[in-house]
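In case you want the letters, here they are:
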Amino acid sequence: MAHAHPHPHSSGHDSHDGHDSSSVPDPGGPDGQDHHRHQGGHSHSGSHAHSGDTVDGQAEILDLDAEVLAEHLASVTAWLPTGTPPRRIVDLGCGTGAGTFALLDRFPEADVTAVDFSAAHLQRLREKACARGVERWIRTVQADLDDTVWPDLGAPDLVWASASMHHMADPDRALRAVRDALAPGGLFVVLELAGFPRFLPGNAPEERPGLEERCHAASERYHAEHVPHRGADWGPKLSAAGFTVEAERALTVNIEGSRDAAVGAYALGSLRRLRGTVADGLPAEDLAALDRLLDTDGPHSILRRDDLEVRTERTVWAARRGA
């Protein structure tokens, strides 16, 4: 049945990893997004849990990622080579719904199944769906996508995975599971992050210039061990799983945010999350400088800065299952 969705583009949240995860997140933007727990403390379904994260903290970051990057996420959904508009969509590792709502905005006649490991994130997604008046077109499924048997996803025409594939313990098996779940001729969209977004200029903070890049270097070392598929080139993997890669797109995001409260909150939440994975890999002077940025009551708080911007890169692949 055709239906019109009166949903505004902003979901109030989502994009990361996603990550949404997000997502155009673990977000990640922060990885967007995590979902299920495995060695290294990560979850695998869409909302990504890192050391020091709380469920509320993860959800807040996913929501901010979606809000700040909403325009870029909309550009991705507009770019998709869908041909006939999909009627059945699955959002794998949906987090708090950045991709889910962006896809409904783009394809208002579709029904969406949103899959994640986190019951709390799915509950938040349902609350947002009700607020938008689109709850009847969204079905939520709690699942661990590292399980060998997946829930019935209903032969979707389009599967969307934003910043979630890199959390799978066995990504190749997951790709084959998506291929088997898709309707013949269906489209699989994978969005991958280059890492956490950057927010500070290179000469900041004044007492420790280049701090953010050193934090990212420590984060890369951490993720190389614990999330080795983050930043992967999914094109060859998709081909090996039996897909035909029809399109690939690199996204470079650069958002000036000196007057945007959401960008400040996004930077604060992202750097707090980053601290949880890099604290042991930074010299004491860098950690102290980072903590001064994160101290919202202090004179050096990142929220007091007027030179913030969001810089990140993401890549999107659109791959077709054979008819």
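Rules behind the numbers
Residues numbered from 1 in each chain as written. Predicted model: local features only at pLDDT ≥ 70, side-chain atom pairs only at ≥ 80, totals over all residues. Heavy atoms only, no water. Phe/Tyr/Trp six-rings, centres within 6.5 Å; stacked < 30°, edge-to-face > 60°. Helix = DSSP H or I, 4+ residues; strand = E, 2+ residues; numbered from the N terminus. Buried < 20%, exposed > 50% of the residue type's maximum accessible area, 1.4 Å probe, protein only. Pairing = 2+ DSSP bridges. Axes fitted to C-alpha atoms, helices over the stretch in contact; angles between N-to-C directions. 1 Å grid on protein atoms, 1.4 Å probe; cavity = no way out; pocket = protein on both sides within 12 Å on 5 of 7 lines; lining within 4 Å. Points joined across faces, edges and corners; volume = space filled by probe spheres on them. Nonpolar A, V, L, I, M, F, W, Y, C, P; charged D, E, K, R; others polar. Right-handed = clockwise from strand over helix to strand, strands pointing away. Core = buried A, V, L, I, M, F, W, Y, C linked by side-chain atoms within 4.5 Å. Contact = heavy atoms within 4.5 Å. Parallel < 35°, antiparallel > 145°, perpendicular 65-115°, else oblique. Left-handed = near helix turned anticlockwise from the far one by under 90°.

What follows is about the packing of aromatic side chains. Under the counting rule described, the total for this entry stands at 2 aromatic pairs. Geometrically, the ring pair formed by phenylalanine 199 and tyrosine 266 is edge-to-face, given 5.4 Å between the ring centres and 90° between the ring planes. With phenylalanine 199 in the loop between strand 6 (187–193) and helix 6 (211–226) and tyrosine 266 in helix 8 (residues 261–278), the pair connects residues that are 67 residues apart, well separated along the chain. Like phenylalanine 199, the residue tyrosine 266 is buried in the burial classification.

On to the sheet that holds strand 8 (residues 309–320). Strands sit in the order 4-3-2-5-6-8-7 across an open sheet of 7 strands; the sheet is mixed. Looking at strand neighbours, the two that pair on one side only are strand 4 (138–142) and strand 7 (244–256), the edges of this open sheet. Each strand axis lies, on average, 15° off the axis of its neighbour in the sheet, ignoring direction. As paired elements, strand 2 (residues 88–92) and strand 5 (residues 158–162) share 3 bridges and run parallel to each other. The residue of strand 5 that forms the bridge with valine 90 is valine 159.

Quick look at the layout of surface pockets now. Volume-wise, the second largest pocket comes out at about 150 Å³. Taken together, 15 residues form the lining of the second largest pocket, with Trp150, Pro151, Ala177, Asp180 and Ala181 sitting closest to its centre. In terms of residue class, the lining of the second largest pocket is built from 9 nonpolar, 2 polar and 4 charged.

This next bit is on the pairing of strand 4. Within a regular strand, the side chains alternate between the two sheet faces. Where strand 3 (residues 111–116) and strand 4 come together, 5 bridges link them in parallel fashion. Bridged to valine 115 within strand 4 is valine 141.

Turning our attention to the pairing of strand 6. The buried count for strand 6 comes to 7 of 7 residues, which makes it a mostly enclosed element. Of the two faces of strand 6, the one lined by Leu187, Val189, Leu191 and Leu193 and the one lined by Phe188, Val190 and Glu192 are each fully buried. As defined by bridge partners, strand 5 adjoins strand 6 across 5 bridges and the pair is classed as parallel. Pairing of valine 159 across the sheet is with phenylalanine 188, part of strand 6. Between the parallel pair strand 5 and strand 6, the chain is carried across by helix 5 (residues 171–181), and the sense of this crossover is right-handed. Inspection of the sheet shows strand 6 paired to strand 8 by 7 bridges, in the antiparallel sense.

Looking now at the nonpolar core. Counting residues in each nonpolar core, the largest one holds 32 residues, and the members touching the most others are Leu158 and Trp160. Breaking this core down by element, the ones donating at least two residues are helix 2 (70–79), helix 3 (98–106), strand 3, helix 4 (119–132), strand 5, strand 6, strand 7 and strand 8. When residues in this core are grouped by element, the largest group, 5 residues, is from helix 3. Apart from residues lying up to four places away in sequence, tryptophan 160 is in contact with Leu73, Val76, Thr77, Leu80, Val90, Asp91, Leu92, Gly99, Leu103, Val189 and Leu191. Ranked by size, the runner-up nonpolar core spans 29 residues in total, among them Ala204, Val253, Tyr266 and Ile302.

Once that is clear, we can look at the packing of helix 2 against helix 3. Two numbers describe how helix 2 lies on helix 3: the axes approach to 9 Å, and their chain directions differ by 55°. Between helix 2 and helix 3, the crossing angle belongs to the class labelled oblique. Handedness of the helix 2/helix 3 crossing: right-handed. Every residue of helix 3 that contacts helix 2 at Leu73, Thr77 and Ala78 is listed here: Ala98, Gly99, Ala102, Leu103 and Arg106. By residue class, the composition of the contact of helix 2 with helix 3 is 5 nonpolar, 2 polar and 1 charged.

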